[in-house]
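Chain residues, written in single-letter form:
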Amino acid sequence: MYIPPKFALPDADTRAALARAGFANLVSHTDDGMLVTPLPLLYDPVRHSLIGHVARANPHWLAVGATSVAIFSGPQAYISPGFYATKGETGKVVPTWNYDVLTVHGHLLAHDDTDWLRDLVSMLTERHEQNRDQPWQVTDAPESYVSGQLAGIVGVELSITSVEGKAKMSQNQPDRNRDGVVAGLRTSSHPGDHAVAERVESFGSTRANTRG
């Protein structure tokens, strides 16, 4: 992934993003072409891997050993030249896009063991149910039903070789343009734009002129 230095996430931020990563596009290179599967993944710090599962009918799990990448997309928004104070000063502005992205590279493994799969779906469920008033648990469903569901999936594991984090959040703009971006996004009718406004504010002001 092309990452200008201005947009590179610090190592600590990249590690934090990996720990909280949720939904990804898993892409694997095979002799027959590229396989792409959207799926939730969970970081396992002990194995330094991402783990998840796919339908047994999905051929992606057969790509054992394939060079693969999981792509996690964060907040993103269109940035209008009208947000920039310098539009009225010089007119030398163009549209762009602000975004967060995390790419996790590695090699694919598969798991077809019922106990492994049960542990996995239990961990995924606990991760995403933990903030609910009445969290659902795998054991809430009939055992015969759960067993049938487990038979229809195969576990996948991305053994990590490298992780890259990029945050393109107007760090290349002068303060007055960054302020304009925040103000413009906060008035947007798209809720996701508000998250980008917060991300722009979270990065310190900079005057370097970097593109990405």
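Residues numbered from 1 in each chain as written. Predicted model: local features only at pLDDT ≥ 70, side-chain atom pairs only at ≥ 80, totals over all residues. Heavy atoms only, no water.

- The name that an unreviewed UniProt entry assigns to the protein is Transcriptional regulator, with the source organism given as Mycolicibacterium aurum.

### As for the environment of Leu 26
Piece 1. By secondary structure assignment, the location of Leu 26 is in strand S1 (residues 23–30).
Piece 2. Each C-alpha atom, one on Leu 26 and one on Ala 110, is 13 Å from the other, the two residues being 84 residues apart in sequence.
Piece 3. Apart from the residues lying within four places of it in its own chain, the contact partners of Leu 26 are Leu 35, Val 36, Thr 37, Leu 39, His 60, Ser 68, Val 69, Ala 70 and Leu 108. (Helix = DSSP H or I, 4+ residues; strand = E, 2+ residues; numbered from the N terminus. Contact = heavy atoms within 4.5 Å.)

### Describing the layout of surface pockets
Piece 1. Roughly 340 Å³ of internal volume is contained in the second largest pocket.
Piece 2. Ala 17, Arg 20, Gly 74, Pro 75 and Asp 100 are, among the 17 residues lining the second largest pocket, the residues nearest its centre.
Piece 3. Taken together, the elements giving at least two residues each to the lining of the second largest pocket come down to helix H1 (11–20), strand S5 (67–79) and strand S6 (96–111).
Piece 4. Its residues assigned to classes, the lining of the second largest pocket comprises nine nonpolar, three polar and five charged. (1 Å grid on protein atoms, 1.4 Å probe; cavity = no way out; pocket = protein on both sides within 12 Å on 5 of 7 lines; lining within 4 Å. Points joined across faces, edges and corners; volume = space filled by probe spheres on them. Nonpolar A, V, L, I, M, F, W, Y, C, P; charged D, E, K, R; others polar.)

### Some remarks on the pairing of S6
Piece 1. Bridging between S5 and S6 involves eleven bridges; their strand directions are antiparallel. Note on S6: the bridge partner recorded for Ile 71 is Thr 103.
Piece 2. Relative to strand S7 (residues 153–168), S6 is paired through 13 bridges, and the arrangement is antiparallel. Opposite Tyr 99, over in S7, you have Lys 168 as the bridge partner. (Pairing = 2+ DSSP bridges.)

### Focus: the side chain of Ser 188
Piece 1. Mapped onto the secondary structure, Ser 188 falls in the loop between helix H5 (175–186) and helix H6 (191–202).
Piece 2. Given a relative accessible area of 18%, Ser 188 falls into the buried group.
Piece 3. At a separation of 2.6 Å, a polar atom in the side chain of Ser 188 contacts the side chain of Asp 193. (Buried < 20%, exposed > 50% of the residue type's maximum accessible area, 1.4 Å probe, protein only. Polar contact = N/O pair within 3.5 Å; in protein donor to acceptor, adjacent residues only side chain to side chain.)

### Structural notes on the pairing of S5
Piece 1. Sheet analysis places S1 next to S5, joined by four bridges and oriented antiparallel. Considered in S5, the bridge of Ser 28 is made with Ser 68.

### What about the packing of aromatic side chains?
Piece 1. Tallied over the entire structure, the rule returns one aromatic pair.
Piece 2. Pairing Tyr 78 with Trp 97 gives two aromatic rings, centres 5.8 Å apart and planes at 65°, and the pair type is edge-to-face. Here Tyr 78, found in strand S5, pairs with Trp 97, found in strand S6; they are 19 residues apart in sequence, far enough to count as distant.
Piece 3. Taking the relative accessible area as the measure of exposure, Trp 97 reaches 42% and is therefore partly exposed. (Phe/Tyr/Trp six-rings, centres within 6.5 Å; stacked < 30°, edge-to-face > 60°.)

### Concerning the packing of H5 against H6
Angle between the axes and distance between the axes: these two values describe a pair of packed helices.
Piece 1. Viewed as axis vectors pointing N to C, H5 and H6 meet at an angle of 155°, and their least axial separation amounts to 8 Å. If you check the angle between H5 and H6, you find them roughly antiparallel. Two packed elements cross with a definite hand, and for H5 against H6 that hand is left-handed. On H6, the residues touching Arg 178, Val 181, Val 182, Leu 185 and Arg 186 of H5 are Asp 193, His 194, Val 196, Ala 197, Glu 198, Val 200 and Glu 201.
Piece 2. Tallied by class, the residues present in the contact of H5 with H6 amount to six nonpolar, one polar and five charged. (Axes fitted to C-alpha atoms, helices over the stretch in contact; angles between N-to-C directions. Parallel < 35°, antiparallel > 145°, perpendicular 65-115°, else oblique. Left-handed = near helix turned anticlockwise from the far one by under 90°.)

### Quick notes on unusual backbone geometry
Piece 1. Even without glycine at this site, His 48 takes up a positive phi of about 50°.
Piece 2. Structurally, His 48 is set in the loop between strand S3 (42–44) and strand S4 (49–55).
Piece 3. Not every positive phi belongs to a glycine, and Ser 170 is a case in point at roughly 65°.
Piece 4. Tracing the backbone shows Ser 170 in the loop between S7 and H5.
Piece 5. For Ser 170, a relative accessible area of 2% corresponds to the buried category.

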